[in-house]
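# Residue-level structural notes
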Amino acid sequence: TQTTRPQRMLAAVQKNATRGDPRSVVKAIDQFCRQKEWAMNVGDEKGCILDSVVTEVNPATVLELGTYCGYSTVRIASLLPPDAKLITLEFNPHNAAIARQVIAWAGLGDKIQLVEGASGDWIPKMKEKFGIETFDLVFLDHWKDRYLPDTKLMEECGLLRKGSILLADNVISPGTPDYLEYIRNSPRYKSQYFRSHLEYTKAEDGLEKSVFLG
Ligand SMILES: O=C(NC/C=C/[C@H]1O[C@@H](n2ccc(=O)cc2)[C@H](O)[C@@H]1O)c1cc([N+](=O)[O-])cc(O)c1O
Ligand SMILES: [Mg+2]
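Residues numbered from 1 in each chain as written. Chains lettered and ligands numbered in written order. Predicted model: local features only at pLDDT ≥ 70, side-chain atom pairs only at ≥ 80, totals over all residues. Heavy atoms only, no water.

## Here we look at the overall build of the protein chain
Here is the rule: Counting from the N terminus, the helices are the DSSP runs of H or I reaching at least four residues and the strands are the DSSP runs of E reaching at least two. Put simply, the radius of gyration uses C-alpha atoms, and a globule should come to 2.2 Å times the residue count raised to 0.38. Here's how the labels work: a residue is buried when its accessible area is under 20% of the maximum for its type, exposed when over 50%, partly exposed in between, all with a 1.4 Å probe on protein chains only. The contact rule is simple, with two residues in contact once any of their heavy atoms fall within 4.5 Å. Accessible surface is estimated by sampling points in the Shrake-Rupley manner with a 1.4 Å probe; for residues, cover comes only from the protein chains shown.
The secondary structure content of the protein chain amounts to ten helices and seven strands. Against the 2.2 N^0.38 benchmark of 17 Å for 214 residues, the protein chain shows a C-alpha radius of gyration of 16 Å, consistent with a compact globule. Counting over 214 residues, the protein chain shows a buried share of 54%. Here the contacts in the protein chain between residues at least 6 apart in sequence split such that 72% fall between residues at least 24 apart. Carbon and sulfur atoms form 53% of the exposed surface of the protein chain, whose accessible area is close to 9,600 Å².

Written out as C-alpha cells, the structure is:
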C-alpha cells in the first residue's frame with residue numbers, strides 16, 4: 001500500500017543517518033528533500049539562522065509550535081544546554097508518530113516533550129501540565145493563521161517574560177501578514193527580519209525574530 005511522505009522521510013533517516021547523531025538526522029532529511037521530495041521543514045538555509053538564534057539565546061525552556069516530522073525539533077534540541085527542555089506541539093497524530101521516531105533516532109528523547117493536540121488548547125495548560133513558568137524561546141512554524149492568536153494567547157497566559165524571543169518561520173512564504181503587522185507595530189516587541197529563501201527553493205522567505213519587552 002502507498003506510503004506517506006513523512007513515512008518516506010523517516011525511512012531516509014533510518015537508512016542514511018547514524019543513531020544518536022542529531023546532525024546526521026538533519027543532514028539526511030535535507031538530502032531527502034533536495035534529492036527526492038520537497039517537504040515543509042525549515043530547511044538547511046533558514047536552519048542556519050535558527051541555529052544562530054538558539055545558540056545566542058541558549059534557552060532553558062523552548063516551545064515549538066508545529067513539529068511536523070521533527071526536523072527543527074531535532075535541530076534546536078541538538079544545541080540546547082544539558083538541563084534545557086523543549087516542548088513541541090503537533091496536531092496531526094500521523095505526523096506525531098513519525099516525529100517521535102525521528103527524535104528517537106537522533107537520541108534526543110530526554111530533551112524533547114512532544115505533545116499531541118491544538119496549540120490553542122495546550123498553551124493555556126503549559127504551567128499546570130509541564131511546570132513551565134515562561135518560555136525563553138518560541139519557534140512558530142505551524143498553521144500560519146494561528147501565529148497571531150497563539151502569540152496573543154501566550155501573552156495572556158503569562159508565558160512570555162521580558163527578553164523572551166519569538167522566532168517565526170514563513171513570514172514571507174506562505175506568509176503571515178496579520179502576525180507581521182501586529183508584531184512589527186506593537187510597542188511590546190522589538191523585531192528583526194532575517195531574509196532567506198523558502199526551504200530547498202529560490203523563492204524568498206525569512207524568519208522574523210521578536211524580543212518581548214514585557
Ligand atoms: O503550511 C506550512 N506549515 C504548516 C505546518 C503545520 C504543522 O503544524 C502542525 N500543527 C501543530 C499544532 C497546531 O495547533 C496546529 C498545527 C500541523 O499538524 C502540521 O504538522 C508551511 C508551508 C510551506 N509552503 O511552502 O507551503 C512552507 C513552510 O515552511 C511551512 O511551514
Ligand atoms: Mg515552515
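## Brief notes about the site of ligand 1
What counts, and what does not: We call a residue near a molecule or strand whenever a single non-hydrogen atom of that residue lies within 4 Å of it. Pairs of N or O atoms within 3.5 Å make up the polar contacts considered here, provided that, within protein, one atom can donate a hydrogen while the other can accept it, and that residues adjacent in sequence are counted only when both atoms are side-chain atoms.
Looking at ligand 1, there are 21 residues lining it, with Glu90, Ser119, Asp141, Asn170 and Glu199 nearest. Note that an oxygen atom of ligand 1 is positioned 3.1 Å from one of the side-chain N or O atoms of Asn95. Interatomic distance of 2.9 Å between a side-chain N/O atom of Asp141 and an oxygen atom of ligand 1. Bound to the protein, ligand 1 loses 86% of the 660 Å² it would expose on its own.

## With respect to the nonpolar core
One broad rule of soluble globular proteins: the nonpolar side chains tend to lie buried together. What counts here: Buried Ala, Val, Leu, Ile, Met, Phe, Trp, Tyr and Cys residues that are joined via side-chain atoms within 4.5 Å together make up what is termed a nonpolar core.
Of all hydrophobic cores here, the largest spans 43 residues; its most connected members are Met9, Val25, Ile29, Val74 and Ile76. Put simply, the parts of the chain that give this core at least two residues each are helix H1 (5–16), helix H2 (22–35), helix H3 (43–57), helix H4 (71–77), helix H5 (93–106), strand S3 (112–116), strand S4 (135–140) and strand S5 (160–168). Among the elements that line this core, the one with the most residues is H5, at seven residues. In this structure Val25 touches Val13, Ala17, Val74, Val102, Trp105 and Ala106, once residues within four positions along its chain are discounted. Ile87, Tyr179, Leu180 and Ile183 belong to the second-largest nonpolar core, a separate cluster that totals 26 residues.

## Comments concerning the pairing of strand S1 (residues 61–65)
Basically, it comes down to this: Think of it this way: DSSP has to see at least two bridges between two strands before they count as a pair. Handedness is read with the strands pointing away from the viewer; a crossover is right-handed when the path from the first strand over the helix to the second is clockwise.
Along S1, five of the five residues are buried, which leaves the element largely enclosed by surrounding structure. Residues Thr61, Leu63 and Leu65 line one face of S1 and the alternating positions Val62 and Glu64 line the opposite face, and both faces are buried. Both S1 and strand S2 (residues 85–90) contribute to a ladder of five bridges, which runs parallel. In the strand pairing of S2, Val62 is matched with Leu86. The parallel pair S1 and S2 is bridged by H4, and the resulting crossover is right-handed. Where S1 and S4 come together, four bridges link them in parallel fashion. The residue bridging Val62 from the neighbouring strand is Leu137, located in S4.

## Brief notes about the pattern of salt bridges
Heads up, the rule is: A pair is scored as a salt bridge if a Lys or Arg side-chain nitrogen falls within 4 Å of a carboxyl oxygen belonging to Asp or Glu.
Applying the stated criterion to the full structure yields 16 salt bridges. Lys46 is the salt-bridge partner of Glu199, the closest N and O atoms lying 2.7 Å from each other. One end of the pair, Glu199, is in the loop between strand S6 (189–197) and strand S7 (204–212); the other, Lys46, is in helix H3, and 153 residues separate them in sequence. Accessibility assignment for this pair places Glu199 and Lys46 in one class, buried. Glu208 is paired through a salt bridge with Arg184; the nearest N and O atoms lie 2.8 Å apart. Taken together, the residues span a long stretch of sequence, with Glu208 in strand S7 and Arg184 in helix H10 (residues 177–185) at a distance of 24 residues. Here the salt bridges do not stand alone but share partners, grouping Lys46, Asp169, Glu199 and Asp205 into one network.

## Some thoughts on the side chain of Thr73
Mapped onto the fold, Thr73 is located in helix H4. For Thr73, the residues in contact, after removing those within four places along its chain, are Glu64, Thr67, Leu86, Thr88, Ile103 and Ile112.

## A few points about the state of the cysteines
Rules: By disulfide we mean two sulfur atoms from cysteines, separated by a distance within 2.5 Å.
Using the criterion set out here, one finds zero disulfides in the structure. Cysteine Cys48 shares no disulfide, and the gap to the nearest cysteine sulfur, in Cys33, comes to 15 Å. Not part of a disulfide, Cys69 finds its nearest cysteine sulfur in Cys33, a span of 8.5 Å.

Limitation: the analysis is restricted to geometry and does not speak to function.
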